Structure formats: structure tokens, C-alpha cells
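# Per-entry structural report
This is what each chain is made of:
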Amino acid sequence: MDLLALADFNLVARHGGFGRAARAAGRPKATLSRRVAELEASMDVRLFERGARMLKLTEEGRALHQRTGALLTELNETAAAIASGGHTPRGRLRISAPLLFSQIAMGKLAAGFAARFPEIRLEVTTEDRPVDMIEEGYDLVIRVNPAPDESLVGRAFLRDRLVVVASPSVARPADGIAAPAVVRGSFDQVGDWNVKTPDGELRIAVEPVLSVSSMVMNRDAVRAGAGVGRLPVSLVSHDLAAGTLVHWGDIDGPEIALWALYPSRRLLSARVSAFLDYLKSAFPTGEPDELAAFLAG
């Protein structure tokens, strides 16, 4: 495939028309039209629907633009950095992060990263759904315990665990009596909690009294004495140390791991490398107490 023709196609797609692309690049409109037509002929596919007053990407054209635009941008930025002898990461970096991590840590992380790398335009989107990185144009995503995906590579940068905590005003019930609980999700989907304590394993029967949609709301309600809660230890470490919450035990289950992921088919850009290194410097060991210290700092 002709990379120059591919670059011209992306130029036209980005500007939404041959005329606008020609004016932006200072190149003849006829040249861009001819190069895109040659690319279409070589691929035996139509990339644009051409009307009298409009130009619209076909489904194939949209897919090609989404999959090659970022690669060409990275190649151009790499070439420019090498030519100028510079190594400073620059350009746009789009990140998707889960709700809880965004609420408690991402603002501070993003501010520190932006200060260290002022030539990177950082964009952070908060969502818990599994985004399609290629289709939606993300450079990196942060996910909790992600399912295996052959199209993505990355590393776990933080680990956490769930603990059962309550306000000192909430007394532990006697055996066979349910504890009032603040939960996430439907009341009907809550079962007993299996916890590990210094005295051995314990099953806590729970009676949901309040349902909330976020861990931060859950913690605040538990602090206020609404009931017992199941929360990440990093989110309640300060309260446990201050005595505003009491530790009833650790949830018996798999650890929580936060992963930073990026597409395996994409060149690892200097921007992504810089952010991965920044995460490593913020959380060198990735233990829960590091996140707790980061949040308290």
C-alpha cells in the first residue's frame, strides 16, 4: 500500500473534504483527489461517497481512517522528533479510566502528568464499559481485572483487596443475626459475605438497608453509620487508622488488579510510554498502601 496515498486519504477524511484538506495542507485539490482515487483502485474499494456538495466516508473508509490515522500520526511525530534531535513526548493522549479510580485518583495523576509533560494534550474519559480502543480512538485504557484479550497488551500497576468495615456505632450482631449493610446493585442479588479474620473464616449474614451506585457513596454512607460495607482497603485505610471505621475482616476472594492496556497492533508511542512510566513512578510496588498514601498526600 502506498503510504503517501494513505496519508492523503487520512488528510481528506480528517478535514471532511478535498477542498478543505487542500487549503489546510497547501496542496492542489486535484492532486489529493487523484491520490485518493488511486488508493481506492489499488484496494478495489470505495472509500468516499461523493455528492455534488458533500463528501462522506463509506463504512470501509471509516474503518480504514480509524485504524490508520493514529498510526500515521505516531509515525509523523516520531520522524519529527528524530529529525529535530528531541525526545520530548508531544501530541494527543486519550485515556479511558474506570469510575472509582477516576473519582479518587485520576485527577491528581492527570495534573501531575500534565505538569511533567506540557507538550502532551491529555484527554481522560471516565467509563466502566469495555471500550473498543481502535474504533473509539483511545491510546490507553485503565481497567479492573480485565478479561484476556489477544488484541491488547499491558501491565498491572496497582493491586487492592476488599475489606468489610463499619462505623464504631454499628455493633457486630450475634451469630445468626444479619448485619445492616450498604450495598451496590440490586437488593435481591446480595448474599452472605465470607470474610477472613485473625480468628479464622467467618460468614456474615447481611440485610441490605441502602443501595448506592458508587464505592465513594458506599464509603460515605458506611462512615455515617448506615451499616456495614464491603470496600477496597485503599479507600478506607485513612478511616481505619483514624478509628472512624472498624475492620471486621477481609473478603475471601481474588485480588483487585488495575491494568493499563494498549493495542498490541499499535506502535507504543512516546506518549503512552511516558504515561506508563509515570504510573510506575507513582506506584512503584503497586500495593494498596501506596494508593492510600497517594490519596492522602
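Now for a look at the structure at hand. (Residues numbered from 1 in each chain as written. Predicted model: local features only at pLDDT ≥ 70, side-chain atom pairs only at ≥ 80, totals over all residues. Heavy atoms only, no water.)

## Points about the overall build of the protein
Helix and strand counts for the protein come out as ten helices and 14 strands. Radius of gyration (C-alpha) of the protein: 26 Å, far over the 19 Å computed for a compact globule of 297 residues. Principal-axis analysis of the C-alpha atoms gives the protein an extent of 85 × 45 × 30 Å. For the protein, the residues scored as buried account for 40% of the 297 residues in total. For the protein, the proportion of contacts with a sequence separation of at least 24, taken over those separated by at least 6, is 74%. As displayed, the protein offers around 15,900 Å² of accessible surface, 53% of which is attributable to carbon and sulfur atoms. Separation of charge centres in the protein, based on 35 positive and 36 negative side chains, amounts to 10 Å. (Helix = DSSP H or I, 4+ residues; strand = E, 2+ residues; numbered from the N terminus. Rg over C-alpha atoms; globule rule 2.2 N^0.38 Å. Buried < 20%, exposed > 50% of the residue type's maximum accessible area, 1.4 Å probe, protein only. Contact = heavy atoms within 4.5 Å. Areas by Shrake-Rupley, 256 points an atom, 1.4 Å probe, with all protein chains shown as cover. Lys, Arg positive; Asp, Glu negative; His and termini not counted. Charge placed at Lys NZ, Arg CZ, Asp CG, Glu CD.)

## Some words on the packing of helix H1 (residues 3-15) against helix H2 (residues 18-25)
Where H1 meets H2, the closest approach of the two axes is 8 Å, and the angle between their N-to-C directions is 110 degrees. In terms of orientation, H1 and H2 fall into the roughly perpendicular class. Judged by residue contacts, Leu11, Val12 and His15 of H1 engage Phe18, Arg20, Ala21, Ala24 and Ala25 from H2. For the contact of H1 with H2, the residue count by class is six nonpolar, one polar and one charged. (Axes fitted to C-alpha atoms, helices over the stretch in contact; angles between N-to-C directions. Parallel < 35°, antiparallel > 145°, perpendicular 65-115°, else oblique. Nonpolar A, V, L, I, M, F, W, Y, C, P; charged D, E, K, R; others polar.)

## As for the layout of surface pockets
Unfilled space is identified by rolling a water-sized probe across the atoms. Here the second largest pocket is characterised by a volume of approximately 480 Å³. Taken together, 21 residues line the second largest pocket, and the ones lying closest to its centre are Leu100, Val144, Arg184, Met215 and Ile256. Elements that contribute at least two residues to the lining of the second largest pocket include exactly helix H5 (99-116), strand E5 (140-144) and strand E14 (256-263). A total of five residues in the lining of the second largest pocket trace back to one element, the largest contributor, which is H5. Residues of the lining of the second largest pocket, tallied by class, amount to twelve nonpolar, four polar and five charged. (1 Å grid on protein atoms, 1.4 Å probe; cavity = no way out; pocket = protein on both sides within 12 Å on 5 of 7 lines; lining within 4 Å. Points joined across faces, edges and corners; volume = space filled by probe spheres on them.)

## Quick look at the sheet that holds strand E4 (residues 120-126)
As summarised here, the arrangement of the five strands in space is E4-E3-E5-E14-E6, forming an open sheet in which the pairing is mixed. In the strand order of this sheet, the two ends are held by E4 and strand E6 (152-160), each with one partner. Direction aside, neighbouring strands of the sheet carry axes that sit 20 degrees apart on average. Along the sheet, H5 makes contact with strand E3 (91-97), E4, E5, E6 and E14, crossing E4 at roughly 175 degrees. (Pairing = 2+ DSSP bridges.)

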